[in-house]
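Each chain is listed here by its residues.
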Amino acid sequence: MKALLLIDMQNGFCPGGNLPVPDGDSVVAVANRLIRDGGYDVVVASQDWHPVNHGSFASQHPGKKPFDMGELSGQPQVMWPDHCVQGTPDAEFHPDLDVSEIDYIQQKGENPAVDSYSAFRDNDRAALTGLAGYLKAQQVTELDICGLATDYCVKFSAIDARDMLPEVNVRFISDASRGIDLQGVKDAISEMRERGIDIVSSDVILAD
Ligand code: VGL
Ligand code: ZN
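Reading the values: rules and limits
- Residues numbered from 1 in each chain as written.
- Chains lettered and ligands numbered in written order.
- Predicted model: local features only at pLDDT ≥ 70, side-chain atom pairs only at ≥ 80, totals over all residues.
- Helix = DSSP H or I, 4+ residues; strand = E, 2+ residues; numbered from the N terminus.
- Rg over C-alpha atoms; globule rule 2.2 N^0.38 Å.
- Buried ≥ 20, exposed ≤ 12 C-beta atoms within 10 Å, placed from the backbone.
- UniProt positions renumbered as here; feature names shortened; annotations may be inferred.
- Pairing = 2+ DSSP bridges.
- Axes fitted to C-alpha atoms, helices over the stretch in contact; angles between N-to-C directions.
- Contact = placed C-beta atoms within 7 Å.
- Core = buried A, V, L, I, M, F, W, Y, C linked by C-beta atoms within 7 Å.
- Arc of directions from axis to C-beta.
- Parallel < 35°, antiparallel > 145°, perpendicular 65-115°, else oblique.
- Nonpolar A, V, L, I, M, F, W, Y, C, P; charged D, E, K, R; others polar.
- Right-handed = clockwise from strand over helix to strand, strands pointing away.
- Near = placed C-beta within 6 Å.

## Observations regarding the overall build of the protein
Alright, step 1. What the protein contains, in helices and strands, is five helices and eight strands.
Alright, step 2. In summary, the protein has a C-alpha radius of gyration of 16 Å against a globular reference of 17 Å for 208 residues, a match within 12%.
Alright, step 3. Principal-axis analysis of the C-alpha atoms gives the protein an extent of 50 × 35 × 30 Å.
Alright, step 4. Going through the 208 residues of the protein one by one, you find that 45% of them count as buried.

## Regarding the UniProt feature "domain: Isochorismatase-like" (unreviewed entry) in the protein
Alright, step 1. With numbering aligned to this structure, UniProt lists the feature "domain: Isochorismatase-like" (unreviewed entry) at residues 3-202.
Alright, step 2. Annotated as residues 3-202, this span is 24% helix and 20% strand, and its ends, taken at the C-alpha atoms, are 14 Å apart.

## Side note on the sheet that holds strand 8 (residues 198-200)
Alright, step 1. Reading across the sheet, the six strands line up as 5-2-1-6-7-8 and stay open at both edges, with parallel pairing between neighbours. Of all strands in the sheet, those bounded by a partner on one side alone are strand 5 (104-108) and strand 8. For this sheet, the mean inter-axis angle between neighbouring strands, taken without regard to orientation, is 25°.
Alright, step 2. Of the pairings in the sheet, the one linking strand 1 (residues 2-7) to strand 6 (residues 142-147) comprises six bridges and is parallel in character. The partner of Ala3 across the bridge, within strand 6, is Leu143.
Alright, step 3. Of the strands in this sheet, strand 1, strand 2 (42-48), strand 6 and strand 7 (169-173) touch helix 3 (residues 150-164), which is tilted by about 165° from strand 6.

## Points about the nonpolar core
Alright, step 1. Membership of the largest hydrophobic core comes to 50 residues, with the highest contact counts inside it found for Leu5, Ile7, Ala31, Ile145, Cys146, Leu148 and Ala158.
Alright, step 2. Contributions of two or more residues to this core are made by strand 1, helix 1 (27-37), strand 2, helix 2 (131-137), strand 6, helix 3, strand 7 and helix 4 (182-194).
Alright, step 3. Examining the composition of this core, we find that seven residues originate from one element, helix 3, more than from any other.
Alright, step 4. Residues within four places of Leu5 in sequence aside, it is in contact with Val44, Ala119, Leu143, Ile145 and Ser157.

## What to know about helix 1
Alright, step 1. Within helix 1, burial applies to Val27, Val28, Val30, Ala31 and Leu34. Down the axis of helix 1, the smallest arc covering the buried residues is 160°, so these residues share one side.
Alright, step 2. In the core, the buried residues of helix 1 are packed alongside strand 1, strand 6 and helix 5 (202-207).
Alright, step 3. Just downstream of helix 1, Gly39 is the residue with a positive phi angle, here 75°.

## Comments concerning the packing of helix 3 against helix 4
Alright, step 1. The contact between helix 3 and helix 4 brings their axes to 9 Å, and the two run at 10°. Viewed along their axes, helix 3 and helix 4 adopt a mutual orientation that is roughly parallel. Between helix 3 and helix 4, the residues in contact are Thr150, Asp151, Lys155, Ala158 and Ile159 and Gly184, Val185, Ala188, Glu191 and Met192, respectively.
Alright, step 2. Looking at the contact of helix 3 with helix 4 residue by residue, the class counts come to five nonpolar, two polar and three charged.

## With respect to the pairing of strand 7
Alright, step 1. In this sheet, strand 7 lies alongside strand 6 in parallel orientation, the contact comprising four bridges. Within strand 7, the position partnered with Leu143 by the bridge is Val170.
Alright, step 2. Taking the sense of rotation as the criterion, the β-α-β connection linking strand 6, helix 3 and strand 7 turns out right-handed.
Alright, step 3. Of the pairings in the sheet, the one linking strand 7 to strand 8 comprises three bridges and is parallel in character. Note that in strand 8 the partner of Arg171 across the bridge is Asp198.
Alright, step 4. In this region the chain leaves strand 7, passes through helix 4 and returns to the parallel neighbour strand 8; the handedness of that crossover is right-handed.

## A short note on the site of ligand 1
Alright, step 1. The local shell around ligand 1 consists of Asp8, Phe13, Asp48, Trp80, Tyr117, Leu148, Ala149, Tyr152 and Cys153.
Alright, step 2. Its residues assigned to classes, the shell around ligand 1 comprises seven nonpolar, no polar and two charged.

As structure tokens, then:
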């Protein structure tokens, strides 16, 4: 079975959101083409879903400003602006995303004490989200990943997919993804490639 995993295509990561990724909204049209014509059996979307007091928010750390480095549960942590708070418009999927074909939504980042860039597990690797179990139950053998942001949630999700689902062929769809930092994106792509994740463009998928 072929699955498409859309990472955090939410208002919060698009222009106008609380943690906007440059050009982030341009992934939505590509995602919709992939959802409709990419030949996927299963479509999954992750949703960054933080409580108001999430420990990745600079607002929770006196003296810290957004994008400073800090610490969370003993690990280095980027201090983010408050974003994707549960139940707010910032946490909703982009309004143009075709959610009608999404089979499973994986929320993440609900524990205030740890961040969860990956849709598969928390950054400290202590708790699993359940996504790996879902994909195994669906007998997924091909997993294509894209979305926001390439240098954070997309990269961590792709690497965890590679590590936690060794039988699955994992690909990163570059033109259906955007990142926060240009150098971060370059580094993320090299790291994914080194770990055996293929880098593809949506035209190749849509032409098949
Ligand atoms: C993300 C930073 C904080 C992401 C989520 O979706 O890449 N980045 N929370
Ligand atoms: Zn977040």
